[in-house]
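Results of the structural survey
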Amino acid sequence: MNVNIIEIINLSDKQLMELSKANVLSLSLVEMKEVQKYFKNIKRNPTDVELETIAQTWSEHCKHKTLTGNIEYCEHKNGKKTVKKYKNLLKETIFRATVELNKKWCISVFKDNAGVIDFDKTNGVAFKVETHNHPSALEPYGGSATGIGGVIRDILGVGLGAKPLANTDVFCFGLPDTKSSEVPEGMHHPKRIAKGVVSGVRDYGNRMGIPTVNGGVFFDKGYMANPLVYCGTMGIIPKNKTDKEVKSGDLVLVVGGRTGRDGIHGATFSSVELDKESDVSAVQIGNPIVEKKVLDTMLKARDLKLYRGVTDCGAGGLSSAVGELGEKTGVIVELDRVPLKYKGLKPWEIWISEAQERMVFAVPAKNKKKILDLFKKENVEATFIGKFTNDQKLTLTYEGKQVACMEMAFLHDGVPKPTRQAMWKEQNIKKQSSLKVSNATLSSDIKNVLSDINVCSRDCIIRQYDHEVQGQTVIKPLQGNSITNSGPSDAAVIWPYTIVKNTKKAIVLSNGINPEYGKIDTYKMAASAIEEAMRNAVCVGADPEKLSLLDNFCWGNPNKPEILGSLVRASQACYDLSKGFSIPFISGKDSLYNEYTIAGKTYSIPPALLISAMGVIEDVNHTITMNLKDVGNDIYILGITKNELGGSIYSKVKNFKGGLVPSLDIKVSKDLMKKINTAITKGLIESCHDCSEGGLITSISEMAFAGEKGINIDADLIKTDDKKMTLAEILFSESNTRFIVEVKPENVSGFEQILKGHIFSKIGQVSNDKNLTLISKKSKVLIKENITNLQKAWQKTLQW
Amino acid sequence: MVFEIEIKSKKGFLDPHGIHTVSDIEGIGIKGVKSVDYIAVYRVSGNITVKQAKIIASELLSDKITEDFYIKEYETLEQKRIENNSIEVWFKSGVTDTVSESVVKAIKDLGIEEDVVVKTGKKYCLKGELNSKKLDKIATGLLANTLIQEYLIK
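Our subject in this report is the structure included herewith. (Residues numbered from 1 in each chain as written. Chains lettered and ligands numbered in written order. Predicted model: local features only at pLDDT ≥ 70, side-chain atom pairs only at ≥ 80, totals over all residues.)

1. A short note on the overall build of chain A
Scanning chain A from N- to C-terminus turns up 27 helices and 33 strands. For chain A, the C-alpha radius of gyration of 27 Å lies close to 28 Å, the compact-globule estimate for 800 residues. Dimensions of chain A, computed from the C-alpha atoms along their principal axes, are close to 85 × 60 × 50 Å. The buried share among the 800 residues of chain A stands at 60%. (Helix = DSSP H or I, 4+ residues; strand = E, 2+ residues; numbered from the N terminus. Rg over C-alpha atoms; globule rule 2.2 N^0.38 Å. Buried ≥ 20, exposed ≤ 12 C-beta atoms within 10 Å, placed from the backbone.)

Now the structure itself:
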């Protein structure tokens with residue numbers, strides 16, 4: 001039999017670490033010693049199956065040891081040092097806010113494969129975003145395809161299964177024009193990674209028949225060898241199907257793809273830095289056709305009430321999935337019954353393989369035949385491999401012999417909690433020196449900002465995705481009058497009328513991310529990302545009080561105090577903002593150890609926090625888009641413009657140092673967004689677009705060329721908090737809480753009435769001359785730019 | 001027997017994969033490639049006849065309106081020769097090849113009962129200023145991921 005007993009009881013500390021490294025267990029010395037202690041107590045050595053099971057159950061990917069571990073955080077601010085101790089960062093920040101807010105419309109938060117909130121009386125909506133960074137660095141196409149495949153299975157595996165309605169994807173890549181000679185040996189060129197990742201998401205998402213409706217791409221040289229691939233899926237689930245209830249005696253059914261050597265050590269590998277010699281078996285290949293069949297059939301089985309529990313095989317494979325379902329009861333699995341792609345797999349490989357497209361079900365014995373018949377009829381492979389017990393133990397057998405037997409309590413709660421050190425020092429950041437720019441330069445700056453790689457059109461990516469399939473996408477990723485005239489939509493809206501008959505309700509999806517700010521201050525980055533996600537949703541008609549959030553942290557090595565310190569700051573911001581806005585986080589994920597070694601030197605990625613927002617819109621008729629609608633309408637800017645150009649696109653384009661990262665007044669922001677929502681619901685706003693990367697002039701340009709309309713702006717009417725701000729600073733500042741809004745003349749008084757008490761100003765009109773005309777008497781500036789030229793500038797950069 | 005069935009766009013029809021490959025090669029900083037013809041290759045091994053191979057090629061693997069197929073027959077793969085200025089990319093054994101799994105099923109659906117093994121490959125025929133060093137760079141830098149694929153060049 002292919003099972004080895006691994007000597008652990010008598011190993012020295014050094015030998016324990018050698019064992020951990022040699023077998024890619026990614027366990028620390030403290031953890032290895034805990035394992036040693038357990039087996040000393042039961043007076044035997046572990047089998048390889050047991051050791052591998054512990055390693056993956058305790059992996060960073062599955063247990064989130066850093067975010068749930070002890071952290072001693074030391075802050076140096078205003079010459080003072082304060083120390084704060086966290087016993088579980090996640091529970092004391094992000095999750096705490098959710099608990100304290102205690103929203104009645106939250107159905108399932110932070111406990112299942114996805115977060116679920118109320119949709120209507122009978123249905124809930126589930127949303128989850130995952131990362132698949134390491135696999136995508138090694139094999140961009142397969143890595144991203146299985147990333148989206150995996151998050152779709154998360155939605156299938158929430159409660160008793162939700163029906164996926166839409167996908168989202170956000171990527172961070174290295175610069176596509178990187179010279180080949182600068183790409184480290186053994187790693188892919190960033191452009192190859194980018195194209196491969198996009199194709200992977202496209203092929204998997206499109207073949208699953210799920211529209212990809214929202215996303216974003218951020219380029220920075222810091223992601224050259226370690227791209228970030230965030231994939232999200234939203235689905236709808238009957239409220240009476242949101243709980244699993246596995247009972248002793250239920251059978252373990254594995255459904256879908258066969259098990260091969262794919263992705264062995266994927267879970268433990270996620271805690272390892274990338275280098276040239278990275279483990280080859282950590283590559284997964286997806287097969288969307290198999291997953292599509294699983295999806296269609298399992299929803300039928302769900303509605304026939306043929307099973308009591310389901311979860312997906314993600315990181316850690318069967319070990320993780322079966323272990324999760326049987327955590328309370330105990331389980332026995334016969335590994336030789338698992339269907340294999342080819343012969344020759346060892347028992348431990350079968351148990352932890354991350355072969356794709358597999359789901360595990362807990363089926364009452366009486367439904368055994370019915371469920372098998374159903375899957376067989378639809379050509380989906382389904383095999384019973386074991387039984388849930390009542391001994392609270394994990395027992396595995398192979399060809400009749402026991403190859404593993406461990407206490408569930410040890411497996412799931414036995415991981416020791418070490419204390420990590422975190423540190424943050426306040427930096428003295430000042431405004432940049434005053435930016436004075438001539439008339440002509442300002443004109444070309446506007447176009448250069450529009451052409452910047454982090455502002456420019458992503459249509460060459462977006463148009464590869466099917467964003468219409470299922471026929472429920474009301475607000476799509478590109479908006480405008482035609483294929484040639486389009487601008488970026490703020491958020492996506494799905495109207496699930498084919499599932500929920502006669503509903504008027506819709507679901508909004510949006511996101512916010514800006515690692516550029518995080519290079520200066522991760523607290524402000526997190527705050528801005530949260531507000532950006534909310535602003536985007538509010539722009540299309542979402543109620544800011546009915547939004548829910550997902551967090552996805554991608555950080556460097558948390559064993560380095562500065563890096564962990566920046567993570568603590570971002571988590572603290574999540575708590576503050578969630579509480580302040582009174583909107584809960586419902587699920588999240590973290591991917592740490594995103595660093596890579598080139599020629600002996602270690603580089604860490606710029607920390608990135610993706611905030612995804614989801615909300616329910618009461619009436620789909622009250623949604624709007626960002627393109628200008630009619631000549632003669634008035635243009636407003638809502639919110640105040642501050643001298644905040646730290647980490648801005650303009651600072652990159654003009655290559656200047658310093659500048660403040662945008663700050664945020666939660667109270668003002670919350671109230672303003674609510675009022676915008678009221679105005680949209682009353683039909684007083686024709687179009688709305690938020691100001692973010694590239695500043696207000698970028699937003700105005702996008703609205704103009706998407707609507708094929710001209711626009712006249714008097715820049716002197718824009719309200720600022722500092723009279724000394726130059727025109728360039730006003731146009732390109734990236735201050736938060738600002739919106740550009742188009743209002744019909746007859747609605748002006750009603751609109752202004754609602755906005756009373758806020759800082760806003762009417763700055764111009766929609767014109768019929770197809771020019772963006774901007775005047776400032778104060779700065780003696782007159783800019784006239786044809787909107788077609790602006791659109792060309794926006795579209796020319798990414799033509800893949 | 002081993003049959004390699006090659007599928008190529010007919011003359012006068014667009015070869016989008018080839019066109020994209022040219023721009024992708026430029027995209028990673030390699031100059032001088034003028035054009036690329038893309039050919040999908042299906043290696044079918046098993047006890048089937050030439051006639052059956054033709055049925056598989058014409059009824060299953062190619063589009064009669066836009067694509068041509070060519071069948072190469074080998075006793076063993078050792079007889080195979082790589083064309084000049086071409087790069088072939090194949091999955092390494094043990095790597096999941098989902099297309100081949102579907103092809104095996106579809107061959108059965110065509111009524112061909114014989115057991116076959118199918119592997120899928122990609123062939124790129126390049127024109128322009130080329131040498132073996134450059135071909136190798138294109139293969140490793142763009143077309144083949146040596147983690148899961150192997151490549152053949154000449």
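Additional details are given in the paragraphs that follow.
2. Looking at the environment of aspartate 250 of chain A
All names here are of chain A. As for its placement among the helices and strands, aspartate 250 is situated in the loop between β8 (228-238) and β9 (251-256). Looking at aspartate 250, the number of C-beta atoms within 10 Å reads 25, which means it is buried. Sequence-wise, aspartate 250 and alanine 679 are 429 residues apart; in three dimensions their C-alpha atoms are separated by 54 Å. Aspartate 250 has contacts with Arg308, Ala362, Val363, Pro364 and Phe388, leaving out every residue within four places of it along the chain. (Contact = placed C-beta atoms within 7 Å.)

3. Brief notes about the environment of aspartate 466 of chain A
Residue and element names in this part refer to chain A. Secondary-structure assignment places aspartate 466 in the loop between α18 (459-462) and β17 (473-475). Separated by 254 residues in the primary sequence, aspartate 466 and threonine 212 have C-alpha atoms spaced 6.2 Å apart. Those residues within four positions of aspartate 466 in sequence are excluded, and the remaining contacts are Asn206, Pro211 and Thr212.

4. Some remarks on the pairing of strand β13 (residues 382-388) of chain A
All names here are of chain A. Across the seven residues that make up β13, a large majority, five, are buried. Direction of pairing for β9 relative to β13: antiparallel, over a ladder of five bridges. Counterpart to valine 252 in the pairing with β13 is glycine 386. (Pairing = 2+ DSSP bridges.)

5. A closer look at the interface of chain B and chain A
Counting from both sides, the interface comprises 13 residues of chain B and, opposite them, 16 residues of chain A. Of all the secondary structure elements, the ones that give two or more residues to the side of chain B that touches chain A are α1 (16-27) and α4 (132-143) of chain B.

6. Structural notes on the nonpolar core
In terms of nonpolar packing, the biggest core is built from 246 residues, with Val125, Val360, Val493 and Val508 of chain A touching the most fellow members. Built from parts of two domains, this core gets at least three residues from each of domain 1 (1-46) and domain 2 (83-413) of chain A. Not counting the four nearest positions on each side in its chain, valine 493 of chain A is found in contact with Val474, Ile475, Ala506, Val508, Val540, Ile617, Val620 and Thr623 of chain A. Grouped together as the second largest cluster of nonpolar side chains are 16 residues, Leu143, Ala144, Tyr151 and Ile153 of chain B included. (Core = buried A, V, L, I, M, F, W, Y, C linked by C-beta atoms within 7 Å. Domains from an automatic or database assignment.)

7. Some details on unusual backbone geometry
Residues and elements named next belong to chain A. Notably, valine 24 is not glycine yet its phi reads approximately 50 degrees, a positive angle. Among the secondary structure elements, valine 24 is positioned in the loop between α1 (13-22) and α2 (29-41). A positive phi angle is found at serine 26, which is not glycine, with a value near 55 degrees. Note that serine 26 resides in the loop between α1 and α2. For serine 26, a count of 22 C-beta atoms within 10 Å corresponds to the buried category.

8. Some points on the sheet that holds strand β23 (residues 585-591) of chain A
Strand pairing within a sheet occurs via backbone hydrogen bonds; the two strands may be parallel or antiparallel. Residue and element names in this part refer to chain A. As summarised here, the arrangement of the six strands in space is β17-β20-β21-β26-β22-β23, forming an open sheet in which the pairing is mixed. Of all the strands in the sheet, the pair left with one neighbour each is β17 and β23. Strand-to-strand twist of the sheet, defined as the mean angle between neighbouring strand axes without regard to direction, takes the value 20 degrees. For strand β22 (residues 547-554) and β23, the ladder comprises six bridges, and the chain directions are parallel. By the bridge assignment for β23, leucine 550 is matched with serine 587. Contacting β22, β23 and β26 (608-617), helix α21 (residues 561-581) runs over the sheet at an angle of about 180 degrees to β22. (Axes fitted to C-alpha atoms, helices over the stretch in contact; angles between N-to-C directions.)

9. Some remarks on the pairing of strand β30 (residues 739-743) of chain A
All names here are of chain A. For β30, a buried count of five out of five residues is recorded, marking the element as mostly surrounded by other parts of the structure. As judged from the four bridges shared by strand β28 (residues 687-690) and β30, these two strands associate in the antiparallel manner. Looking at the pairing, serine 687 lines up with glutamate 742 of β30.

10. Topic: the sheet that holds strand β7 (residues 212-219) of chain A
All names here are of chain A. What the six strands build is an open sheet, ordered β3-β4-β5-β8-β6-β7; its pairing is mixed. Each having just a single partner strand, β3 (106-108) and β7 make up the two edges of the open sheet. Taking the axes of each pair of neighbouring strands and ignoring which way they run, one obtains an average angle of 20 degrees across the sheet. Note that strand β6 (residues 163-173) and β8 share nine bridges and pair antiparallel. Counted as the bridge partner of alanine 166 is methionine 234 from β8.

11. Side note on the packing of helix α7 (residues 94-101) of chain A against α21 of chain A
Residue and element names in this part refer to chain A. Running from N to C, α7 and α21 cross one another at 15 degrees; their axes reach a closest spacing of 8 Å. Of the possible angle classes, the one that applies to α7 and α21 is roughly parallel. Relative to α21, the crossing made by α7 is right-handed. Residues Ile94, Arg96, Ala97, Glu100 and Leu101 of α7 pack against Ser571, Cys574, Tyr575, Ser578 and Lys579 of α21. Its residues placed into classes, the contact of α7 with α21 shows five nonpolar, two polar and three charged. (Parallel < 35°, antiparallel > 145°, perpendicular 65-115°, else oblique. Left-handed = near helix turned anticlockwise from the far one by under 90°. Nonpolar A, V, L, I, M, F, W, Y, C, P; charged D, E, K, R; others polar.)

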